[in-house]
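# Tertiary structure, described
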Amino acid sequence: MSKIKIAELFYSIQGEGRYMGVPSVFLRTFGCNFKCQGFGMPRGELSTEVETIASRISEFKIYEELPLVTTGCDSYASWDPRFKDLSPMLTTDAIAERIVEIIPHGEWHDEHLVITGGEPLLGWQRAYPDLLEHDKMKGLKEITFETNGTQKLTPEFKHYLGEWTATHWDREVTFSVSAKLPCSGEKWDDAILPEVVCEYEQVGTAYLKFVIATEQDFADAECAIAAYRKAGFKGHIYLMPVGGVESVYALNNRTVADLAMKNGLRYSDRLQVPLFKNEWGT
Ligand code: SF4
């Protein structure tokens, strides 16, 4: 039986992208290939908020006690090794059992599964078939992988996903690709990998979601969109305001919505910010 290191497992409403508003189980896996310390910082500077939190690590016994951050990656504890002991390694059996405990009817109805991170398409690809084949997961119809779009699908997992959808007409796999622009602090050549994202379209629906804070971010997004389109990417493009906390989000959500309209792109809100203040477990 496979195991997955789980940072969070909770039931909420999807706040972003294609499934905004849909009741969803969030499975947040541990580990990421990026750090994204540039979010919310002046260009070229990196956030050190997490350093302060890490220096007080002994004060936090459970994940939910960790402070929220206003700069850098807002799910830092799902990949930073200093917080790894707060994320248990669970068997796929235990995960499936826990999922049916937290959904309203004890079985899948209209809920959707979001496999997120961290970066969920790192090594855990080998464990997902075990989870999805579990008896308690049979009623699941829709899955979204929230990915940064840098991880190729393994041939085995690509084949598995193809079979998972082909055997049931109402099953659907989505890749919500939050490609990282320079405002994240990550390097363009590491983050913008169009051929990887085009491959996701071979087994499901893929869309791109760019986090925008400034005009420079939008100019970067336009360059990235051109690169993805040139490589053959066909999916929808969303612009989403920066802001894991309400004060930051409220500053630019209208501006980003206007930019999306003006350029014929889709706007994604972050419903979890006004609804739940982006607390852990939402
Ligand atoms: S890719 Fe996502 S999870 Fe990973 S560091 Fe960046 S924002 Fe955080």
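Residues numbered from 1 in each chain as written. Predicted model: local features only at pLDDT ≥ 70, side-chain atom pairs only at ≥ 80, totals over all residues. Heavy atoms only, no water.

## A short note on helix α4 (residues 155-166)
Helix length check: α4 (12 residues) gives 16 Å between terminal C-alpha atoms against 16 Å at 1.5 Å per residue, within 8%. Among the residues making up α4, those that are buried are Phe-157, Tyr-160, Leu-161, Trp-164 and Thr-165. All buried residues of α4 lie within an arc of 125° about the axis, which places them on one face of the element. Across α4 from its buried face, at more than 90 degrees, point the exposed residues Pro-155, Glu-156, His-159 and Ala-166. Buried residues belonging to α4 abut α3 (128-132), β5 (142-147) and β6 (172-177). (Helix = DSSP H or I, 4+ residues; strand = E, 2+ residues; numbered from the N terminus. Expected span 1.5 Å × (residues − 1). Buried < 20%, exposed > 50% of the residue type's maximum accessible area, 1.4 Å probe, protein only. Arc of directions from axis to C-beta. Contact = heavy atoms within 4.5 Å.)

## Observations concerning the site of the ligand
The ligand sits among Cys-32, Phe-34, Lys-35, Cys-36, Cys-73, Trp-79, Gly-118, Asn-148 and Lys-180. Across the shell around the ligand, the residue classes break down as five nonpolar, two polar and two charged. (Near = heavy atom within 4 Å. Nonpolar A, V, L, I, M, F, W, Y, C, P; charged D, E, K, R; others polar.)

## What about the sheet that holds strand β9 (residues 266-267)?
Across the sheet, nine strands lie side by side as β3-β1-β2-β4-β5-β6-β7-β8-β9; this open sheet has mixed pairing. For this open sheet the edge positions go to β3 (89-91) and β9, each flanked by a neighbour on one side alone. Where strand β2 (residues 23-29) lies against strand β4 (residues 112-116), five bridges are found, and the strand directions are parallel. Paired with Arg-28 across the strands is Thr-116, a residue of β4. Helix-sheet contacts for α4 involve β5 and β6, and the interaxial angle to β6 is about 130°. Contacting β7 (205-212) and β8 (237-241), helix α7 (residues 215-230) runs over the sheet at an angle of about 160° to β7. (Pairing = 2+ DSSP bridges. Axes fitted to C-alpha atoms, helices over the stretch in contact; angles between N-to-C directions.)

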